[in-house]
Each structure stands twice: as C-alpha cells, then as structure tokens.
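# Analysis of the macromolecular model
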Amino acid sequence: TFALEIRDLKKTYSTGKVALKGLDLTVDEGDFYALLGPNGAGKSTTIGIVTSLVNKTSGTVKVFGYDIDKDLVKAKQQIGLVPQEFNFNPFETVQQIVVNQAGYYGVPRKEAIKRSEKYLKQSNLWDKRNEKAGMLSGGMKRRLMIARALMHEPRLLILDEPTAGVDIELRREMWDFLRELNANGTTIILTTHYLEEAEMLCRNIGIIQNGQLIENTSMKSLLSKL
Ligand code: ADP
Ligand code: ADP
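We now turn to the structure provided with this report. (Residues numbered from 1 in each chain as written. Chains lettered and ligands numbered in written order. Predicted model: local features only at pLDDT ≥ 70, side-chain atom pairs only at ≥ 80, totals over all residues. Heavy atoms only, no water.)

Moving on to the site of ligand 2. In the vicinity of ligand 2, the contacting residues are Tyr13, Thr15, Lys17, Ala19, Pro38, Asn39, Gly40, Ala41, Gly42, Lys43, Ser44 and Thr45. A distance of 3.5 Å is found between an oxygen atom of ligand 2 and a side-chain nitrogen or oxygen belonging to lysine 17. Contacts to ligand 2 include glycine 42, whose backbone N or O atom sits 2.9 Å from an oxygen atom. The element best represented in the shell around ligand 2 is helix 1 (residues 43-50), accounting for three residues. (Near = heavy atom within 4 Å. Polar contact = N/O pair within 3.5 Å; in protein donor to acceptor, adjacent residues only side chain to side chain. Helix = DSSP H or I, 4+ residues; strand = E, 2+ residues; numbered from the N terminus.)

Dropping the structure here:
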C-alpha cells in the first residue's frame, strides 16, 4: 500500500473555478515527497481534500489504504497536518495546546501528557511548556505546530509551505528537524514553491501545474535533467 494514493481527483469550486482536473499521485510509505508548483496550481486544494477540509468533486483518495469516502476516521488518524498559518490559541500554554490536540484524536489524557514530554523535547520546546504560545518566537511557533501535529502519532506528516516567510537560519533548523523525523519512519509530504527547498529535503517530487500533475519523479533524475 501507498502512504497516499490519489486517482483522477477533480475539484471545481462553487465559484466555477476548476482547481483540479484529474490529478493522479502516489507517495510511497517512508518517502519524503515534495509537491511543487506555482501559486494557484492546486497544491492547497489537494492537501485540503486529503485532510478532508475541502470536499472533492470526484476521484478517490486513500491514506495507507484507507479510502476517505469509506474510512474517513481511520484515514484522518494517519495524517498530521501542519498548515501554513499559525492557528493555535495564543493564550494557551505550549503544553495545553499539544495535550488538547491529542484529546481530539481520542488519546487518553495521561498518555497525552506523556507524549507531550516526548514531542516537546524533540521539538526543543520542553523548557517553554508553561509559556503562552503567543509569546514564542516565530521558529518556536513553527516547531509547536509540528509537535502538535505529531501528538496522535500519524504515519504521514503533511506540511503546507512549511518555511514560507522563514529566514534562512530558521529554515535550516526546520530542515534538519524534518529530516530526522523522516529518518525515524514518518512519511513526509510538503508543498513548496521553492525548488531549492525540495532539492534540499526530498527524495521524490511531483510538479503540479494548472490542476494536473505534470511530473512525478525522483529529485535526482529531475536535477540531472536541468
Ligand atoms: P467548497 O466547494 O469546498 O465547499 P467553496 O467553493 O464553497 O468551497 O469556497 C469557499 C469560499 O471561499 C467561497 O465563498 C469562495 O467564494 C471563497 N473563495 C473564492 N476564491 C477563493 C480563493 N482563491 N481562495 C480562497 N477562497 C476563495
Ligand atoms: P496553490 O496552493 O497551488 O497556490 P490552490 O489550491 O490554493 O493553489 O488554488 C487552486 C485554484 O483554485 C486557484 O485558482 C485558486 O484561486 C482557486 N481556489 C482556491 N480555493 C478556492 C475557493 N475556496 N473558492 C474558489 N476558488 C478557490
């Protein structure tokens, strides 16, 4: 089974805008995959559908074999999503945010607290656990978003433009962190419009343009063609 298997995915928004025109995409388990494409290509729409935030018009999506039409709860449990925008409550503490997230996925509170120590330490945020999230630096906020996404121990982590607007030093730190996660077995998919970011991190790459996948290849063979 694939970590992600998308077949003939179509999306027309209620405005009439056709965002996806029959997208086919597979990502292997354990992969570090970049979905690259210009603004408006359909990356966020694709991620939105996979994470069931956006309704598809037609097509099939399976996450580790679980069809989002038939096994939505199971499919969702496999995925950790790191959206582009910070969307946590800035007045909650770092630890509250990650513990509550686990609660939404049915993780018992005691276990959630245990996990919060693991993932906050891994994200270098354990010392900040009692601080209000709004007080953190930009880099810490990004790491908090990732720690939160890991609390239900998803097998697939999806990051939407993870380093948009992040300075180069911070970007490097995030890259290292993501590489380590992937090395420990988490499949990672990120969207980006920086080829450089895909090049630095990813094993395989899909290029989306105008609602279709126009390239699906290894990073290595793509670079040898440029
Ligand atoms: P869905 O079909 O998934 O329910 P909608 O088509 O209802 O989504 O769109 C949600 C809202 O976002 C609509 O009010 C739509 O007008 C608005 N919208 C229009 N264009 C864009 C855009 N480029 N990016 C984000 N939202 C947009
Ligand atoms: P990307 O993430 O690659 O920038 P998107 O998936 O956000 O692309 O957008 C694909 C196309 O769909 C764009 O033309 C965008 O304006 C349009 N779009 C995105 N969201 C909505 C929406 N909610 N309603 C209408 N059109 C939308």
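This next bit is on the site of ligand 1. Close to ligand 1 lie Lys11, Tyr13, Ser14, Thr15, Val54 and Asn55, which account for all nearby residues. With respect to ligand 1, the side chain of serine 14 contributes an N or O atom lying 2.6 Å from an oxygen atom. Within the complex, 31% of the 560 Å² of free accessible area of ligand 1 lies under protein. Broken down by class, the residue content of the shell around ligand 1 amounts to two nonpolar, three polar and one charged. (Areas by Shrake-Rupley, 256 points an atom, 1.4 Å probe, with all protein chains shown as cover. Nonpolar A, V, L, I, M, F, W, Y, C, P; charged D, E, K, R; others polar.)

Here we take up the environment of isoleucine 6. Examined against the element boundaries, isoleucine 6 turns out to sit in strand 1 (residues 4-12). Relative accessible area serves as the criterion here: at 0%, isoleucine 6 is assigned to the buried category. Through-space distance from the C-alpha of isoleucine 6 to that of lysine 70 is 15 Å; in sequence the pair is 64 residues apart. Setting aside residues up to four positions removed in sequence, isoleucine 6 forms contacts with Leu23, Asp24, Leu25, Thr46, Val50, Thr60 and Val61. (Buried < 20%, exposed > 50% of the residue type's maximum accessible area, 1.4 Å probe, protein only. Contact = heavy atoms within 4.5 Å.)

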